[in-house]
Structures are given as C-alpha cells and as structure tokens.
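Read off the chains here:
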Amino acid sequence: MVITLLIIVFFVVISSINLVERLKQTLRHELVHVFDHCRANIDSQNCYQIGCSEIRAASLSGECNFSREVMRLNVTTTIRKKQQVCVKRRAVQSLKMHPHCRDKAEEIIDTIFPVCWNDLEPYGHHPKK
C-alpha cells in the first residue's frame, strides 16, 4: 500500500515537473514569435517570414532539447544529437498549419533554414539544455 502510494506520488511529481517545463518552453516559443512580429512586422501571408519565425521559435525555445525528443520517441534524432533535424521538422509541421503555406512548407523551410537558424536574437545563443 505504501509503495503503491509512493509510486503514484512519484508519477504526479514527475508529471507536474514535465508540465511546468512544457509550459516554459511554450511561453519561450510564443515570446520568440512576439519578438519577431515586433522586430520585423511579419506579414501573415508571407510563408517565408512565418517559416523563419517558426524555425527561430523551435530553435530558441528549447523544445528540441534531448529530453523533449526522448519524450516524443524521436530516438534517431537524439542519438545523432541533431537538434537541427528536430527544429526543421517542428517548423515544417507549424508552417503546414497555414493553409496558403501547406503545399510548399518543406521547400520553404529548407531554403531559409541556414539564415533563420543563425538568427539568435534576442538571446544570442541556442539553449544550453
């Protein structure tokens, strides 16, 4: 009985820690979009501008760190430590949510990736974790 209760408490604590971390990553992701909109006055119809903001948000938010990829069961990405693969995948997924960008999302992300990946403002670096 006590062991069962401890196991339940353990999973509740782990779940709440994951929830808090996910909340922080989501907030960082959205704040990168806010920064981009203020800095660049992004056109909501320009798939290249939207795509660049998605690359930066995925990259700078920490959503492609090792632990998040393990939670998503993307083992090949984590083993090879290719954060860029995750960022591209997440940016393509996000860009496909825009109806007028859907059909060309992968091509757009591939085209703009190097420039947008290297735009580290306002942080100046990719997340350490």
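Basis of the calculations
Residues numbered from 1 in each chain as written. Predicted model: local features only at pLDDT ≥ 70, side-chain atom pairs only at ≥ 80, totals over all residues. Heavy atoms only, no water. Disulfide = S-S within 2.5 Å. Helix = DSSP H or I, 4+ residues; strand = E, 2+ residues; numbered from the N terminus. Buried < 20%, exposed > 50% of the residue type's maximum accessible area, 1.4 Å probe, protein only. Axes fitted to C-alpha atoms, helices over the stretch in contact; angles between N-to-C directions. Parallel < 35°, antiparallel > 145°, perpendicular 65-115°, else oblique. Left-handed = near helix turned anticlockwise from the far one by under 90°. Contact = heavy atoms within 4.5 Å. Nonpolar A, V, L, I, M, F, W, Y, C, P; charged D, E, K, R; others polar.

Another aspect to go through is the state of the cysteines. Enumeration according to the criterion identifies three disulfides in this entry. Linked covalently through their sulfurs, Cys-47 and Cys-101 form a disulfide whose S-S length is 2.1 Å. Between Cys-47 and Cys-101, the disulfide has an S-S torsion of -95° and is therefore left-handed. One end of the pair, Cys-47, is in helix H2 (residues 47–60); the other, Cys-101, is in the loop between helix H5 (83–95) and helix H6 (105–117), and 54 residues separate them in sequence. One exposure class covers both Cys-47 and Cys-101, and it is buried. A disulfide bridge connects Cys-64 with Cys-86, and the sulfur atoms are separated by 2.1 Å. The S-S bond linking Cys-64 to Cys-86 shows a torsion near -75°; that makes this disulfide left-handed.

H6 packs onto H2 with a crossing angle of 55° between their chain directions and a minimal axis gap of 9 Å. One finds that H2 runs oblique with respect to H6. As H2 runs across H6, the sense of the crossing is right-handed. Residues Cys-47, Tyr-48, Gly-51, Cys-52, Ile-55, Arg-56 and Ser-59 of H2 pack against Ile-108, Ile-109, Ile-112, Phe-113, Cys-116 and Trp-117 of H6. Tallied by class, residues from the contact of H2 with H6 come to 10 nonpolar, two polar and one charged.

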